[in-house]
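# Observations on the model geometry
Here is what each chain is made of, one letter per residue.
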Amino acid sequence: MKRRGYLPLLMVSIAVGLVLGGTFHCISTKRDAVAAETQDSQNITTQLFIGWNLVAFSSAKPLPIDEALLSISNVCISAWEYDASTSDWHRHILGGPAFLSDLHELNPNHGYWLYVTQDCIWTYPSQQPIPDLVYITKTGTKYHRQGCQYLWGSSGAIERSEAIKLDYTACSVCNP
Ligand SMILES: [Zn+2]
């Protein structure tokens, strides 16, 4: 489990707290102000609690907001982003008319406020490129799939493009 603290986001959160006054109750003493997230190779998961949640969007690439919020589309009411350069708030009202929304995608490493009507798990694709790994041995001239019968002794993983650059060629047996 990876835990991140975003000082600038905390500062924004204080500002939002002032703006939203009594309606905002995400920051409590028993929970982290910034929602904690976990990550596997395909998805990023963040626990959200009923009310306002300050979250970081940690996908590798931008995502259209409908896609980014798909997993919580039935409990998320709105998403907001504060643009410090213009001092403007941008928002997306889920299920609302288009003219109410001017936040159209979530961007990597930006912070957002999400309002949800119940505790829930927010999941979205990490969009990490999957490394194209092949396997080589110290003495061989071929690169292989993992588990190839010709991969004995000391072997190591390497990016396919790197292997080709180093003049390794594909094994004809395992056909990587
Ligand atoms: Zn092979």
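Residues numbered from 1 in each chain as written. Predicted model: local features only at pLDDT ≥ 70, side-chain atom pairs only at ≥ 80, totals over all residues.

## As for the environment of Cys76
Short version of the rule: Helix and strand assignments come from DSSP, with helices taken as H or I runs of at least 4 residues and strands as E runs of at least 2, each series counted from the N terminus. Buried residues are those with 20 or more other C-beta atoms within 10 Å of their own C-beta, exposed residues have 12 or fewer, and partly exposed residues lie in between; C-beta atoms are placed from the backbone. Two residues qualify as being in contact provided that their C-beta atoms, derived from the backbone, are within 7 Å of each other.
You can see Cys76 is positioned in strand β5 (residues 76–83). The class of Cys76 is buried, set by 21 C-beta atoms lying within 10 Å. For Cys76 and Cys120, which are 44 residues apart along the polypeptide, the C-alpha to C-alpha distance reads 9.4 Å. Sequence-distant contacts of Cys76, that is, excluding residues within four places in its chain, are made with Leu69, Leu94, Leu114, Tyr115 and Val116.

## Overview of the sheet that holds strand β9 (residues 120–125)
Counted only if it meets this: Two strands qualify as a pair provided DSSP detects at least 2 bridges between them. Helix axes are fitted to C-alpha atoms over the stretch in contact, other axes to C-alpha atoms as well, and angles between N-to-C directions run from 0 to 180 degrees.
Spatial ordering of the open sheet is given by β1-β2-β9, a layout of three strands whose pairing is antiparallel. Looking at strand neighbours, the two that pair on one side only are β1 (37–39) and β9, the edges of this open sheet. Across this sheet, the average inter-strand angle for adjacent strands is 20°, counted without regard to direction.

## Focus: the sheet that holds strand β6 (residues 88–93)
Sheet strands pair via backbone hydrogen bonds, and the direction of the pair is either parallel or antiparallel. Pairing within the open sheet is antiparallel, and its four strands lie in the order β3-β8-β5-β6. Sheet topology places β3 (51–56) and β6 at the edges, where each strand pairs with a single neighbour. For this sheet, the mean inter-axis angle between neighbouring strands, taken without regard to orientation, is 25°. Relative to strand β8 (residues 111–116), β3 is paired through six bridges, and the arrangement is antiparallel. Looking at the pairing, Val55 lines up with Tyr112 of β8.

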